[in-house]
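Take a look at the letters that make up each chain.
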Amino acid sequence: MKVILQQDVKSLGKKGELVSVSDGYARNFLFPRKLACEANAQAMNELKNRELAAQHKKDAELQNAQNAARELEGKTVKVLAKAGQTGKLFGSITAKEVADTIKSTLGLDVDKRKITVGDIKTFGTYEAEIKLHTGIMAKIFVLVCSE
């Protein structure tokens, strides 16, 4: 009997997979515990629709990441900071500050955990790398100026 798994089942498969099991195993174990449903025409259609929706969502995320990379690539963001008389900053410029500046100036919402920036403790221009998606990176420049 072919069934569609509703939840992960150890040694059988993951949620959403179509697997073949014995009739007794399906009727006595999987169906009563709501771990699977019978693979009839309606269930197969629903499974196909879920897979298509997931694929569409992945494609949309990839397209958004490519658009953001095109918009960010080579841009310079200006971060204002306070410093002492020697030119050394009070603290350092973090990925969170860079992400906030990108959001306020360019209007793109970038996760701070995706930004790789070196140790910024003085004024100047620094290079930062943003990982937007698997295999999609954008390099930006961070210009640190005094307030």
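Our subject is the structure that appears above.
Residues numbered from 1 in each chain as written. Predicted model: local features only at pLDDT ≥ 70, side-chain atom pairs only at ≥ 80, totals over all residues. Heavy atoms only, no water.

K.L.:
Which parts of the structure should I look at to understand the sheet that holds strand β4 (residues 76-81)?
P.N.:
Backbone hydrogen bonds hold the strands of a sheet together, and the pairing may be parallel or antiparallel. The strand order across the open sheet formed by 4 strands is β4-β9-β8-β6, and the pairing between neighbours is mixed. Because the sheet does not close on itself, it has two edges, and the strands there are β4 and β6 (115-117). Taking the axes of each pair of neighbouring strands and ignoring which way they run, one obtains an average angle of 30° across the sheet. Against the sheet, helix α2 (residues 41-72) makes contact with β8 (124-133) and β9 (136-146), and its axis sits at roughly 40° relative to β9, the strand it touches most. (Pairing = 2+ DSSP bridges. Helix = DSSP H or I, 4+ residues; strand = E, 2+ residues; numbered from the N terminus. Axes fitted to C-alpha atoms, helices over the stretch in contact; angles between N-to-C directions. Contact = heavy atoms within 4.5 Å.)

K.L.:
What's the story with the pattern of salt bridges in this structure? I'm lost.
P.N.:
Where charged atoms from two side chains of opposite charge approach closely, those side chains can pair. Within the structure shown, the criterion is met by 6 salt bridges. The salt bridge involving E127 is made with K139; its shortest N-O contact spans 3.5 Å. Placement of E127 in strand β8 and of K139 in strand β9 is noted, with a sequence separation of 12 residues between them. Taking the relative accessible area as the measure of exposure, K139 reaches 37% and is therefore partly exposed. With its nearest N and O atoms 3.8 Å apart, the salt bridge here joins K139 to E129. Of this pair, K139 sits in strand β9 while E129 sits in strand β8, and the two are 10 residues apart along the sequence. Through salt bridges with shared partners, a single network forms among E127, E129 and K139. (Salt bridge = Lys/Arg side-chain N within 4 Å of Asp/Glu carboxyl O. Buried < 20%, exposed > 50% of the residue type's maximum accessible area, 1.4 Å probe, protein only.)

Spatial relationships are all this shows, so hold off on functional conclusions.
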